[in-house]
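What follows is each chain in one-letter form.
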Amino acid sequence: MQEDAATSALGAVIGGLWWLISNIGMGFWHMVYAISHPSLWLDWSNTESLLRFVYYGGSTELFFVFFDLFLIVTVIGFFNRGFLWGVVRVFEGFTNGVGRLAAWAGLLMVLQQIMIVFLQSIFRIGQISISPFGTGFTQSVTWWSESIKFENAIVVALCVSYAFVQGSHVRVDLVYSSVSHRVKRGIDMFGSLMFMIPVATLTWMYAWYFLWRHLITPKVSASDKLGLMLRKARIVKWNVETVSFTGDGFNAYFMFKILMLSFLVLVFVQAVAFFYRSFLELVEGEESAGKYLDKDTLGKGEEAFEGTH
């Protein structure tokens, strides 16, 4: 009986390794095939192409395509640190740029709230029209009021990786500050691979189908196989969520789902960048800590306040 159990366990391990190796190999094939046949998944006038896009957007195949890209960049970067530093700078520059742009939504929230209070409380206006370029945009005060939630979501979702790069995230430190530079970089690398990337990937799988269930009908789910989805193509139609919680309130709640996916993309990009930065700082030593890090500053003479904003 023990021999049977050991044989079964060994077979499971071999099967798991074969599954991993075969999916890594197929990832390169799927990458090349997707690039060489874009109409199969980007031509949304064809409902089969649309459902292929939906299926592969939350699939194991897509994960291994990105995993293969990660392996390629890692191998090249192992022999060429300059290339890897370039990848870090591009990724961190992307998350910084998105965050700095999205942060302006905070100012928009304040100005919009002032406008709503002023016009509704003083002039008792029920609708607000804005026409900066001659084209009017008119919505109820309720719509403008509820849209502030969306602007707040922009700040939360799109500034998360920016805050991480700037060191503005909340950190509960029990061990990290007292260990050596090399141990810190090892902790950072482990956290990137074992926490940030897996959580972002798992959340993506749910958020992807959560979005599409509010965009098309009949509804799709993560358990649907490709064949089943293609059979649904004959009856699929767009059914974009436009119903607000109130009759004349904000009616684009599907945008919140898109922000959720954007948030996960930024977390994933920053996790990879942080892993590479930690690896490079581990290899190059303590003098490379913070190398090429594009952090905001309050200006000359304000160094005492850095990190407190």
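For the structure itself, look to the data block above.
None of the values given here were measured: they were computed from a predicted structure.

A. Geometry of the overall build of the chain. Helices and strands together make up the secondary structure of the chain, namely 11 helices and four strands. Seen along its three principal axes, the alpha-carbon backbone of the chain occupies a region of about 80 × 65 × 45 Å. Residue burial in the chain is summarised as follows: out of 309 residues, 34% are buried. Per element, the accessible surface of the chain, about 18800 Å² overall, is 68% carbon and sulfur. Counting 22 positive and 23 negative side-chain charges, the chain places the centres of these two groups 5 Å from one another.

B. Seen up close, the side chain of Glu92. With respect to the helices and strands, Glu92 occurs in helix α5 (residues 81–102). What makes Glu92 buried here is its relative accessible area of 4%. Separated by 2.8 Å, the side chains of Glu92 and Arg277 make a polar contact. Beyond its immediate stretch of four places on either side in the chain, Glu92 contacts Val165, Gln270, Ala273, Arg277, Tyr292 and Leu293.

C. Representation of the pattern of salt bridges within the structure. Under the criterion given, the structure shown has 10 salt bridges. Residue Glu48 is joined to Arg52 by a salt bridge in which the shortest nitrogen-to-oxygen separation is 3.8 Å. Remark: Arg52 and Glu48 occur in helix α3 (residues 47–57); sequence separation between them is four residues, near one turn of the helix. Among the residues examined, Glu48 registers a relative accessible area of 33% and is labelled partly exposed. Residues Lys232 and Asp224 are paired through a salt bridge, measuring 2.9 Å at the closest nitrogen-oxygen approach. A single salt-bridge network, built from bridges that share partners, covers Glu92, Arg185, Asp188, Arg277 and Glu281.

D. Local environment of helix α11 (residues 254–284). Between its first and last C-alpha, α11 extends 45 Å over 31 residues, near the 45 Å set by a 1.5 Å rise per residue. Within α11, 22 of the 31 residues are buried, which leaves the element mostly enclosed by the surrounding structure. Taken from the residues just after α11, Gly285 is the one with a positive phi, measuring 95°.

E. Main features of the packing of aromatic side chains. Taken as a whole, this structure holds 30 aromatic pairs when the rule is applied. Ring geometry for Phe63 against Phe64: centres 5.3 Å apart, planes inclined by 85°, an arrangement best described as edge-to-face. For Phe63, a relative accessible area of 31% translates into the label partly exposed. Take Phe64: its relative accessible area is 3%, and that puts it in the buried class. The ring centre of Tyr292 lies 4.3 Å from the NZ or CZ of Arg89, which sits over that ring.

F. Local environment of the side chain of Glu281. Turning to its location among the elements, Glu281 is positioned in helix α11. Taking relative accessible area as the criterion, Glu281 reaches 6% and is therefore assigned buried. Of note is the side chain of Glu281, whose polar atom sits 2.9 Å from the backbone nitrogen of Gly290. Beyond its immediate sequence surroundings of up to four residues, Glu281 is in contact with Trp85, His181, Arg185, Ser288, Ala289, Gly290 and Lys291.

G. How the structure looks around the packing of α5 against helix α6 (residues 104–123). Where α5 contacts α6, the axes come no closer than 4 Å and their chain directions differ by 10°. One element, α5, and the other, α6, form an angle in the roughly parallel class. Along its contact with α5, which presents Arg100, Leu101 and Ala102, the element α6 presents Trp104, Ala105 and Gly106. Residue classes in the contact of α5 with α6 are distributed as four nonpolar, one polar and one charged.

H. Spatial organisation of α3. Those residues of α3 not exposed but buried are Ser49, Leu50, Leu51, Arg52, Val54, Tyr55 and Gly57. Structurally, α3 contributes buried residues whose contacts are with α2 (39–42), α4 (60–79), α9 (181–212), β3 (216–217), α10 (226–232) and β4 (237–238). Regarding α3, its N-cap is Asn46, as a side-chain oxygen of that residue lies 2.9 Å from the backbone nitrogen of Glu48 further along.

I. A nonpolar patch on the surface, seen in detail. A contiguous nonpolar surface patch, about 660 Å² in accessible area, is contributed by Val13, Leu17, Trp18, Trp19, Leu20 and Ile21. On the secondary structure map, Leu17 appears in helix α1 (residues 2–36).

What counts, and where the lines are drawn
Residues numbered from 1 in each chain as written. Predicted model: local features only at pLDDT ≥ 70, side-chain atom pairs only at ≥ 80, totals over all residues. Heavy atoms only, no water. Helix = DSSP H or I, 4+ residues; strand = E, 2+ residues; numbered from the N terminus. Buried < 20%, exposed > 50% of the residue type's maximum accessible area, 1.4 Å probe, protein only. Areas by Shrake-Rupley, 256 points an atom, 1.4 Å probe, with all protein chains shown as cover. Lys, Arg positive; Asp, Glu negative; His and termini not counted. Charge placed at Lys NZ, Arg CZ, Asp CG, Glu CD. Polar contact = N/O pair within 3.5 Å; in protein donor to acceptor, adjacent residues only side chain to side chain. Contact = heavy atoms within 4.5 Å. Salt bridge = Lys/Arg side-chain N within 4 Å of Asp/Glu carboxyl O. Expected span 1.5 Å × (residues − 1). Phe/Tyr/Trp six-rings, centres within 6.5 Å; stacked < 30°, edge-to-face > 60°. Lys NZ or Arg CZ within 6 Å of the ring centre and 35° of its normal. Axes fitted to C-alpha atoms, helices over the stretch in contact; angles between N-to-C directions. Parallel < 35°, antiparallel > 145°, perpendicular 65-115°, else oblique. Nonpolar A, V, L, I, M, F, W, Y, C, P; charged D, E, K, R; others polar. Patch = residues over 30% accessible without salt bridge, like charges linked within 9 Å, V, L, I, M, F, W, Y side chains within 5 Å.

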